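Letter by letter, the chains look like this.
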Amino acid sequence: EDAGGAGMPARHALLVAATLVSESSCIANVAAPLRVADVRCDAATGVWTLQLPDGVSGDGLPTAGPPTAGPLLPSLPSGAVLDLEQRRLEGDGNVGYRLWRSAGAMCRWMRRNEGAVRGARVLELGAGTGAVGIFAAALGAREVVLTDGEAGLLPLLASNARRNRPLLSHGTEVTAGRWRFGDDPPACARAGAFDLVLGTDITYSVNTERDALCGTLRRLLEIGPDNGRAARCLIAHEHRRADMFDVEAVLHFANEPAAAWDARDVCLGTFLASAREHGLRVAPLVTEAGRRVQRAPGVVEMTTDLTVFEVSRDELHADPTL
């Protein structure tokens, strides 16, 4: 059920591996790079542990300094932290029941931009635990609508909203509804305009339904101002780059951001292509570089880059057939 025995759901781990293989298979006449084969991911922290191949030393990496992972979510301005239940659904494949590192990146962006959140009407797509939307509510959003395509997650969303009610201002409303990308919006997402649409780790949906997410985003950004139009749409993405397990990349490009924010990220590349076809512009706002630290001889702990980006309309490059 778990990949590498360390807590990552099997289907998600296979998806990461498949995207990395798909990119490397496209490169012809190039010797295969030396790869790290023994990799494990701690589901609670998002930290990868890499056992380097025999004869390879990680001595050039730092062995001290900031930890590779801390709390996934920042605290609120009051110092309080969200109390979130993470309840796994029956069956394999659902990954929305728990926190991911990208949620922390989005919450940190909101902490730095509280003025954009306070008093706003907020929609969260692919909400999972509801962490991001509830964090927005705790920062002073006047209304938050939590949505997810998995009907089984709706009770978890409602439960987490109740658990954190004491952190919200009086009168702040939090509701939840089912919304699969590509479908018509639920009633709770149709009444009035949204100031912010937020999503974290939802870009991976392009691996199963390539255009459903961008179709939904385009609809949110173009429909009438009194019927759910979004003023701003922000997405947080965790990069799984095609060379993330290449020994050279692990050892020689450690603790440096990628030269281009979308470099060698197959899933992100698919999303960006779909966005262009749907007349959407994607602009990175902030990238948090991952870290690599040698914790024992030949053992490297690694976190990947995180980016928060904004999606807006770009009709000049839209595919007229969509």
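Residues numbered from 1 in each chain as written. Predicted model: local features only at pLDDT ≥ 70, side-chain atom pairs only at ≥ 80, totals over all residues. Heavy atoms only, no water.

(A) The pattern of salt bridges, seen in detail. Scanning the model with the defined rule gives 20 salt bridges in all. In this structure, Glu-238 engages Arg-101 in a salt bridge whose closest nitrogen and oxygen atoms are separated by 3.1 Å. Taken as a pair, Glu-238 in strand E9 (residues 230-238) and Arg-101 in helix H2 (residues 101-112) lie far apart in primary sequence, 137 residues in all. Here Arg-101 falls in the buried class, since its relative accessible area comes to 12%. Shared partners join several salt bridges into a network, and the residues in it are Arg-101, Asp-201, Glu-238 and Arg-240. (Salt bridge = Lys/Arg side-chain N within 4 Å of Asp/Glu carboxyl O. Helix = DSSP H or I, 4+ residues; strand = E, 2+ residues; numbered from the N terminus. Buried < 20%, exposed > 50% of the residue type's maximum accessible area, 1.4 Å probe, protein only.)

(B) Molecular detail of the packing of helix H6 (residues 212-222) against helix H8 (residues 266-277). At a minimum axis separation of 9 Å, H6 and H8 run at an interaxial angle of 45°. As judged from the angle between their axes, H6 and H8 are oblique. The hand of the H6/H8 crossing is right-handed. Where H6 approaches H8, its residues Leu-213, Cys-214 and Leu-217 are matched on the opposing element by Phe-271, Ser-274 and Ala-275. Each residue belonging to the contact of H6 with H8 can be placed in one class, and the counts come to five nonpolar, one polar and no charged. (Axes fitted to C-alpha atoms, helices over the stretch in contact; angles between N-to-C directions. Parallel < 35°, antiparallel > 145°, perpendicular 65-115°, else oblique. Left-handed = near helix turned anticlockwise from the far one by under 90°. Contact = heavy atoms within 4.5 Å. Nonpolar A, V, L, I, M, F, W, Y, C, P; charged D, E, K, R; others polar.)

(C) View of the packing of aromatic side chains. According to the stated counting rule, one finds three aromatic pairs in the structure shown. Where Trp-48 meets Phe-245, the ring centres are 5.1 Å apart and the plane angle is 65°; that geometry is what we call edge-to-face. Placement of the pair is Trp-48 in strand E4 (residues 47-51) and Phe-245 in the loop between E9 and helix H7 (247-252), with a sequence separation of 197 residues. Phe-245 gets classed as buried once you look at its relative accessible area, which sits at 7%. With 5.6 Å between their ring centres and 55° between their planes, Trp-261 and Phe-309 make a pair best called tilted. (Phe/Tyr/Trp six-rings, centres within 6.5 Å; stacked < 30°, edge-to-face > 60°.)

(D) Up close: the sheet that holds strand E13 (residues 306-313). Across the sheet, seven strands lie side by side as E7-E6-E5-E8-E9-E13-E10; this open sheet has mixed pairing. Both edges of this open sheet fall to strand E7 (173-178) and strand E10 (280-288), since each of them pairs with a single strand only. For this sheet, the mean inter-axis angle between neighbouring strands, taken without regard to orientation, is 20°. Direction of pairing for strand E6 (residues 143-148) relative to E7: parallel, over a ladder of six bridges. Paired with Thr-147 across the bridge in E7 is Gly-177. Its contacts with the sheet put H2 on strand E8 (194-200), E9, E10 and E13, and the angle it makes with E9 is roughly 135°. (Pairing = 2+ DSSP bridges.)

(E) Spotlight on the confidence of the model for the protein chain. Mean pLDDT over the protein chain: 84, with 80% of residues reaching 70 or higher. Within the protein chain, helix H4 (residues 131-138) carries the highest mean pLDDT (98), whereas strand E1 (residues 2-3) carries the lowest (36). The low-confidence segment residues 1-15 (pLDDT under 50) makes 35 contacts with residues lying over four places distant or belonging to another chain. The low-confidence segment residues 21-29, where pLDDT is below 50, has four contacts with residues more than four positions distant or belonging to other chains. (pLDDT = per-residue confidence, 0-100.)

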